[in-house]
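Chain by chain, the residues run as shown.
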Number of protein chains: 2
Amino acid sequence: MCHQNEITFKMEFKEAKNKFVQTWGALGSQWGINKTMAQIHALLMVSNEAVSMEDIMEELQISRGNASMNIRALMDWGIVYKEYKAGERREFFTAEKDLDELAVKISKERSKREIKPALKVLKEVSSISANTTSEEKHFVDQTKKLYDFVLKADNVLDKITEYKDNWLAQILMKFMK
Amino acid sequence: MCHQNEITFKMEFKEAKNKFVQTWGALGSQWGINKTMAQIHALLMVSNEAVSMEDIMEELQISRGNASMNIRALMDWGIVYKEYKAGERREFFTAEKDLDELAVKISKERSKREIKPALKVLKEVSSISANTTSEEKHFVDQTKKLYDFVLKADNVLDKITEYKDNWLAQILMKFMK
DNA sequence: TTAAACTTTCAAAAAAAAATGAAAGTTTAT
DNA sequence: ATAAACTTTCATTTTTTTTTGAAAGTTTAA
């Protein structure tokens, strides 16, 4: 009886974990992050302790190469770390578990890799020489606005982080609701 | 001479426009929006007046079917509109050009399509029955935190919109910098 | 009602992205 | 120095996503 319960429970946990990993993977691919990368991250996020590459391969049913490359990518993003265990030769991996820290790191990386280059192009195209026709005026106007907008949006997360730790700001904002 | 200048100028404009459309398309695909969809949107954003499907096909060098399906998708997102011109049989298209409005619409759609379902799963998996091992405790704890975090993040844009129109809040925030 | 002028749909093709796995590379203990 | 125990790389294969284009559908004007 007791044993039966334990099995039932274990099943439920495994199912829940699997569901979470799958969902996170699907969400990732909708946001331009590859499925496996998101799944590995999900797995590490909810893992108590560091996980070996072997175990990641086993749990996600993926090849060694795939695991290796995606772990590497996650480390490049700065949201997964290598860990060494005493007396163990192989490497273990953990994820950044503090969600604020995670959000900051992801947004910084995306900013660096995608937003900043886009801003450069926006600045470039919005500064084409003298514009006579209304078509051209509209183009310059719109791309300038876009530049300002993206620039502001790019800074939003920093502002939120600042605000988050500022109790006075929080109280004032509550007042004004 | 004057003619030569005009040609040079036209070239520069076309190049700039093309560069913008290509960049926007690339950015889109990094964010889980298909390239053509993002390119059509870019094209309409910087277009003075409504554009016909024929012209979209021509400018982006894409097939009729591709154009039709992606325009439809953009209209489903609520960021592109059909327009009719007097005496013209065919349909023309325009993009939402107000960037705040655009951001609100995109974030509302993404919230509805992706975040809300993800939240549902997070709530589900974080409420698995009694948890004994530390592994299971950690799972429940972490997914709960994630639920709260995603819920908060999901509301951020509304908050920013509110804040944007609140002059008092803005002044106060500047004080506290 | 008809036919011309359009748009949409969707099965098939093409392109792009991701995954595999075996060989090459690395590290560590002896 | 060597071999065992690992990890990484990358050419090839597989999977997924996107695009095509022709047929079907729709609308409009006469």
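Refer to the structure printed above.
Residues numbered from 1 in each chain as written. Chains lettered and ligands numbered in written order. Predicted model: local features only at pLDDT ≥ 70, side-chain atom pairs only at ≥ 80, totals over all residues. Heavy atoms only, no water.

K.L.:
Residues and numbers for the protein's contact with DNA strand C, please.
P.N.:
Near DNA strand C there are 18 residues, and of these T36(A), S63(A), R89(A), S68(B) and R89(B) occur at the shortest range. Within 4 Å of the protein, the contacting atoms of DNA strand C are 57% sugar and phosphate, with bases supplying the remainder. Separating a phosphate oxygen of DNA strand C from a backbone N or O atom of S63(A) is a distance of 2.7 Å. Among the secondary structure elements, those contributing two or more residues to the surface near DNA strand C are α4 (64–76) of chain A together with α4 (64–76) of chain B. Among the elements that make up the surface near DNA strand C, the one with the highest residue count is α4(B) (4 residues). (Near = heavy atom within 4 Å. Polar contact = N/O pair within 3.5 Å; in protein donor to acceptor, adjacent residues only side chain to side chain. Helix = DSSP H or I, 4+ residues; strand = E, 2+ residues; numbered from the N terminus.)

K.L.:
Before we move on, can you summarise the relation of the copies chain A and chain B with the specific residues and values?
P.N.:
Of the transformation placing chain A onto chain B, the axial shift is 0.0 Å and the rotation is 180 degrees, giving an RMSD of 0.1 Å. Both copies of the chain, as the preceding transformation shows, are related through a two-fold rotation axis. Relative to the rotation axis, the C-alpha of G32(A) is the closest in chain A, positioned 2.2 Å from it. (Least-squares fit on C-alpha atoms with pLDDT ≥ 70 in both.)

K.L.:
Now, about empty space enclosed by the protein: what can you tell me, with residues and values included?
P.N.:
With the rule as written, the count across this model stands at 1 cavity of 30 Å³ or more. When its volume is computed, the largest cavity comes out at roughly 30 Å³. Contributing to the lining of the largest cavity are F20(A), T23(A), W24(A), A118(B), V121(B), L122(B) and V125(B). Among the elements of the structure, α1 (2–30) of chain A together with α5 (99–125) of chain B are those that each provide at least two residues to the lining of the largest cavity. Looking at which element gives the most residues to the lining of the largest cavity, the answer is α5(B), with 4 residues. A class-by-class count of the residues in the lining of the largest cavity yields 6 nonpolar, 1 polar and no charged. (1 Å grid on protein atoms, 1.4 Å probe; cavity = no way out; pocket = protein on both sides within 12 Å on 5 of 7 lines; lining within 4 Å. Points joined across faces, edges and corners; volume = space filled by probe spheres on them. Nonpolar A, V, L, I, M, F, W, Y, C, P; charged D, E, K, R; others polar.)

K.L.:
Would you mind going over the interface of chain A and chain B in detail, with residue names and values included?
P.N.:
Listed by partner, the interface residues are 58 residues for chain A and 58 residues for chain B. Overall, the association of chain A and chain B removes approximately 5300 Å² of surface from exposure, summing both partners, and the carbon and sulfur fraction of that is 72%. For the interface between chain A and chain B, the tally reads 3 salt bridges. For E135(A), the salt bridge identified is with K17(B), shortest N-O distance 4.0 Å. At the boundary of chain A and chain B, one finds 13 residue pairs in polar contact (both at pLDDT 80 or more). Broken down by secondary-structure element, the contributors of at least two residues to the side of chain A that touches chain B are α1, α5 (99–126), α6 (134–164) and α7 (167–176) of chain A. The greatest single-element share of the side of chain A that touches chain B, amounting to 16 residues, is contributed by α6(A). Of the residues that constitute the side of chain A that touches chain B, the class distribution is 30 nonpolar, 13 polar and 15 charged. (Contact = heavy atoms within 4.5 Å. Buried area = accessible area lost by both parts, 1.4 Å probe. Salt bridge = Lys/Arg side-chain N within 4 Å of Asp/Glu carboxyl O.)

K.L.:
Explain the layout of surface pockets to me, and be specific about the residues and the numbers.
P.N.:
Reported here for the second largest pocket is a volume of approximately 430 Å³. Around the second largest pocket, the lining comprises 16 residues; the ones closest to its centre are F13(A), K17(A), L43(A), E59(A) and E135(B). If you list the elements that add at least two residues to the lining of the second largest pocket, you get α1 and α3 (53–60) of chain A. Ranked by residue count, the leading element in the lining of the second largest pocket is α1(A), at 6 residues. In the lining of the second largest pocket, the residues fall into 6 nonpolar, 3 polar and 7 charged.

K.L.:
Describe the pairing of strand β3 (residues 91–95) of chain A, listing the residues and the values that go with them.
P.N.:
Residues and elements named next belong to chain A. Of all 5 residues that make up β3, 4 are buried, and the element is covered over most of its length. The sheet contact formed by strand β1 (residues 51–52) and β3 spans 2 bridges and is antiparallel. Considered in β3, the bridge of V51 is made with F93. Relative to β3, strand β2 (residues 80–84) is paired through 5 bridges, and the arrangement is antiparallel. Looking at the pairing, Y84 lines up with E91 of β3. With antiparallel pairing between neighbouring strands as the criterion, β2 and β3 make up a hairpin whose turn holds 6 residues, including G87 at a positive phi of roughly 75 degrees. (Buried < 20%, exposed > 50% of the residue type's maximum accessible area, 1.4 Å probe, protein only. Pairing = 2+ DSSP bridges.)

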